[in-house]
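# Coordinate inspection notes
Chain residues, written in single-letter form:
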Amino acid sequence: MANLTQLKLLEELNGFLLIDKPEGIAFSSVIKAVKRKFNLVKVGHGGSLDAMASGLMVLLLNDANKFVNDVMGADRDYEGTMRLGLRTNTHDIHGVPLATSSVPTELPNLVERLAECRGDIFQTEPRYSSIRKEGSADYEIADTGEHAQFLTHVYRFSVKEPGGEKLPFAVSGTKNLLVRTLVNDFGELLGCGAALESLRRIRVGRFSVADAIPFETLLKMEMGGFGSCVLPLRLNPLTL
């Protein structure tokens, strides 16, 4: 139970809370749990993260919310794995399969196909998305309607030496980059299809997941130790 002094300190706590979200939990569930655990009121965020993804979440406490547009607009880095030979309606492995095919031993023109996925590219978000509601053990498919095409930018897109159906990759891009759609489009270029199997966000602007506190650790923390986890505004890694 927090005492009045601790509650007062939390009310005046301004800064950035970096959380390492585990796979399989909804982004909104993490925010609700943190607010409830530490009696927080004014909590914003620097960009959502799909339930199937793990990695960096940036929460903005109190006065840090004035920097929400700067954090929201920052570039992002990801690492992940795609499953070759599979196309789904959500562009990830939790969606409905649309087609399957065999994966060639050697991927044709791999260097050229990767290059086509870098730079300014147009994307269209799929109509269907895999979601995980709070308290649910399974992913559900949500119909989000038709989406307009938009322009995004990929700074870096690389894969490890292919071997089998699972292909690890790394990607850096602008805030609106849809990694699952990038994977789907890359699979189309390869001719065998691809679906996102796992994803981890490792950077947002100058914030790194290496500096984040695991969500499970945060939930076990005593109220008095919470303040030490918050990056104060004067130490803002975005140099705002």
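The structure reproduced in this document is the subject of the present report. Computed from a predicted structure; not experimentally measured. Every chain's residues receive numbers from 1 upward, in the order its sequence appears when written. Owing to the predicted nature of the model, reporting of local features is limited to residues with pLDDT of at least 70; listing and counting of side-chain atom pairs is limited to 80 or more, with chain, interface and lining totals taken over all residues. Values shown for side chains rest on all heavy atoms present in the structure; no hydrogens or waters enter the calculation.

Turning our attention to the nonpolar core. In this description, a nonpolar core means a group of buried Ala, Val, Leu, Ile, Met, Phe, Trp, Tyr and Cys residues linked to one another through side-chain atoms lying within 4.5 Å. Each residue's exposure class comes from its accessible area (1.4 Å probe, protein chains only) as a fraction of the maximum for that residue type: buried when under 20%, exposed when over 50%, partly exposed otherwise. The biggest cluster of nonpolar side chains holds 48 residues, and the ones touching the most others in it are V34 and F157. The biggest single contributor to this core is helix α2 (residues 27-38), with six residues. Setting aside its immediate chain neighbours within four residues, V34 contacts L17, I19, L40, L59, F215 and L218. Core analysis: the next-biggest nonpolar cluster, separate from the first, contains 14 residues, F16, L56, V71 and F207 among them. Note on conventions: DSSP H or I runs of at least 4 residues are helices, E runs of at least 2 residues are strands, and numbering of each starts at the N terminus. What makes two residues a contact is simply this: any of their non-hydrogen atoms within 4.5 Å.

Burial within strand β4 (residues 76-84) is extensive, with seven of its nine residues counted as buried. At least two bridges found by DSSP between two strands is the condition for calling them paired. Taken together, the eight bridges between β4 and strand β11 (residues 166-173) define a ladder with antiparallel strand orientation. When the sheet's bridge partners are listed, G80 is paired in β11 with F169. Pairing between β4 and strand β12 (residues 194-204): nine bridges, direction antiparallel. Each residue of the ladder has a partner; that of R83, found in β12, is A195.

Bringing the side chain of R76 into the picture now. Mapping R76 onto the fold places it in strand β4. In this charge count, Lys and Arg are treated as positive and Asp and Glu as negative; neither His nor the chain ends contribute. Whenever a carboxyl oxygen of Asp or Glu lies within 4 Å of a side-chain nitrogen of Lys or Arg, that contact is scored as a salt bridge. For the buried R76, which has no salt bridge, the nearest side chain bearing the opposite charge is D75, at an N-O separation of 7.0 Å.

In a helix, the anticipated span is given by 1.5 Å times the number of residues less one. The terminal C-alpha atoms of helix α5 (residues 179-190) lie 16 Å apart, and with 12 residues this matches the ideal 16 Å at 1.5 Å per residue to within 8%. The element α5 is largely enclosed, with a buried count of nine among its 12 residues. Of all the positions in α5, only V179, R180, T181, L182, V183, N184, F186, G187 and L190 are classed as buried. Looking one or two places after α5, you find G191, whose phi comes out positive at around 95 degrees.

Let's shift gears to the pattern of salt bridges. Within the structure shown, the criterion is met by nine salt bridges. Linking R200 and D20 is a salt bridge whose minimum nitrogen-to-oxygen distance equals 2.7 Å. Placement of the pair is R200 in strand β12 and D20 in strand β1 (residues 15-21), with a sequence separation of 180 residues. The class for R200 is partly exposed, based on a relative accessible area of 27%. In this structure, D143 and R127 form a salt bridge, with 2.7 Å as the shortest nitrogen-oxygen distance. Pair noted here: D143 is in strand β9 (residues 140-143) and R127 is in the loop between β7 (119-123) and β8 (128-131), with a separation of 16 residues, a long-range link. Taking relative accessible area as the criterion, D143 reaches 43% and is therefore assigned partly exposed. Here the residues in one salt-bridge network are R83, K166 and E197, joined through shared partners.

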